[in-house]
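Each chain is listed here by its residues.
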Amino acid sequence: MSSFGVKVASLVWCAVVLVVIVGELPMSTDAQASGLDPSFYKNTCPNVHSIVREVIRNVSKTDPRMLGSLIRLHFHDCFVQGCDASILLNDTKTITSEQSAPPNSNSIRGLDVVNKIKTEVEKACPGVVSCADILALAAEISSVLGQGPDWKVPLGRRDSTTANKTLAGLNLPGPSFDLTTLISFFKRQDLNVTDLVALSGAHTIGRARCQFITDRLYNFSNSAKPDPNLNTTYLQQLRSICPKNGPGNTLTNLDSSTPDKFDKNYYSNLQVRKGLLQSDQELFSTPGAETVSIVNKFSSDENAFFEAFKASMIKMGNIGVITGNKGEIRKQCNFVNTQSIELGLGRYNSDDGMVSSS
């Protein structure tokens, strides 16, 4: 073979090797680093996605706001010692539940739905699918059912055997946070400003209790006046829903325009000062903030929002995951396995869990 032929053959061989290597790359560097894989249950529980979807679809027919609740449940789990389903653990002699931490109390919901999903998954694939993966799948499926984006969820998480109520109080961002504090809380989780704005977009669906906005409406920063960044017409609407000294448990829409549809209107609302929570409006109303241009981009380009949301959800879903032989695959999502045995919980009760009504 001529030297020219040798060079051509070498180039072809290198190209083939490159194609093979590229073809084997996982969907993201975050997933690669965490050891997760969307096809993790391909052989052990191939129908897990459809099982989870069917339960959520049925629940959302009568409770459409459950879609937003399940997305946020995944968020509240991942920000406390990682995406390990620690938020699902109930109080026991050895576990102090995260569910009663101030950021979770009267806020999180959907624990009963997760238990229903676990029951159905266990029927098909006993002892295989973790509760942490169920939370991640439920978030993605809820987005899709709300007419939002879909993505391939990296799977293979295992469940923690501990919870951390104190850390929940320290790590979860609050509804009255200013932008600087929000950015710092997200930075702790290695999430950047784009992640903050994109993940905040989950507030495009769902509801919030009046107790989380009362100060904005009547006594912002102890001024005895409303938040000046709140649209005055919107202010009056909210005051009619959440009267001063009224019941704090009354619900109001996070997105006043399309509360049950996953879309870009959340960002359009911020532009006209109709963000429900202070932490929402801070993204647009903080002078000179780098978040303003991102809000404007997502408001004008829903596809840009969807793509950013998918990337940020995958990135968040890789925080502090437990894989391999660490942790466990819980038999019952509300209890570690040793406690499930002690309590005689061989089957699942959909009423288990400290479920709030937010």
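Residues numbered from 1 in each chain as written. Predicted model: local features only at pLDDT ≥ 70, side-chain atom pairs only at ≥ 80, totals over all residues. Heavy atoms only, no water.

(A) Here's a closer look at the overall build of the chain. When helices and strands are tallied, the chain shows 16 helices and two strands. A buried classification covers 51% of the 358 residues belonging to the chain. Considering only contacts in the chain between residues 6 or more positions apart, those separated by 24 or more positions represent 75%. Of the accessible surface of the chain, which amounts to about 16300 Å², a share of 53% is contributed by carbon and sulfur atoms. (Helix = DSSP H or I, 4+ residues; strand = E, 2+ residues; numbered from the N terminus. Buried < 20%, exposed > 50% of the residue type's maximum accessible area, 1.4 Å probe, protein only. Contact = heavy atoms within 4.5 Å. Areas by Shrake-Rupley, 256 points an atom, 1.4 Å probe, with all protein chains shown as cover.)

(B) Expanded view of the side chain of D133. Its location among the elements puts D133 in helix α6 (residues 131–145). If we skip the residues at most four places from it in the chain, D133 touches Y41, P154, L155, G156 and R157.

(C) Structural view of the nonpolar core. Counting 77 residues, the largest nonpolar core has V52, L73, L88, F298, F309 and M316 as its most contacted members. The element that contributes the greatest number of residues to this core is α6, accounting for nine residues. The residues contacting F309, other than those within four sequence positions of it, are I71, S143, P149, W151, A198, L199, A202 and F262. The next biggest cluster of nonpolar side chains, apart from the first, holds 13 residues, and it includes A208, L217, L235 and L238. (Core = buried A, V, L, I, M, F, W, Y, C linked by side-chain atoms within 4.5 Å.)

(D) The arrangement of the side chain of S97 in detail. Structurally, the position occupied by S97 is in the loop between α4 (66–78) and α5 (111–124). Judged by its relative accessible area of 0%, S97 falls in the buried class. Within the local environment of S97, its side chain forms a polar contact with the backbone oxygen of L89, the two atoms lying 2.7 Å apart. (Polar contact = N/O pair within 3.5 Å; in protein donor to acceptor, adjacent residues only side chain to side chain.)

(E) Seen up close, the packing of aromatic side chains. Inspection of the entire model under this criterion finds 15 aromatic pairs. Judged by centre distance (5.6 Å) and plane angle (5°), the rings of F262 and F305 are stacked. With F262 in the loop between β2 (251–253) and α12 (265–271) and F305 in helix α15 (residues 302–316), this residue pair connects regions lying 43 residues apart in the sequence. Take F262: its relative accessible area is 1%, and that puts it in the buried class. Taking the relative accessible area as the measure of exposure, F305 reaches 0% and is therefore buried. The structure contains a cluster of three or more aromatic residues connected by ring pairs, namely W151, F262, Y266, Y267, F298, F305, F306 and F309. (Phe/Tyr/Trp six-rings, centres within 6.5 Å; stacked < 30°, edge-to-face > 60°.)

(F) A look at the packing of helix α3 (residues 48–62) against α6. Look at α3 against α6: their axes get within 10 Å of each other, and the N-to-C directions meet at 55°. The pairing of α3 with α6 is recorded here as oblique in orientation. The two elements α3 and α6 meet at a crossing, and its hand is right-handed. Facing α3, whose interface residues are V48, H49, V52, R53, I56, R57 and S60, α6 presents L137, A138, E140, I141, S142 and L145. Per-class residue counts for the contact of α3 with α6 are seven nonpolar, three polar and three charged. (Axes fitted to C-alpha atoms, helices over the stretch in contact; angles between N-to-C directions. Parallel < 35°, antiparallel > 145°, perpendicular 65-115°, else oblique. Left-handed = near helix turned anticlockwise from the far one by under 90°. Nonpolar A, V, L, I, M, F, W, Y, C, P; charged D, E, K, R; others polar.)

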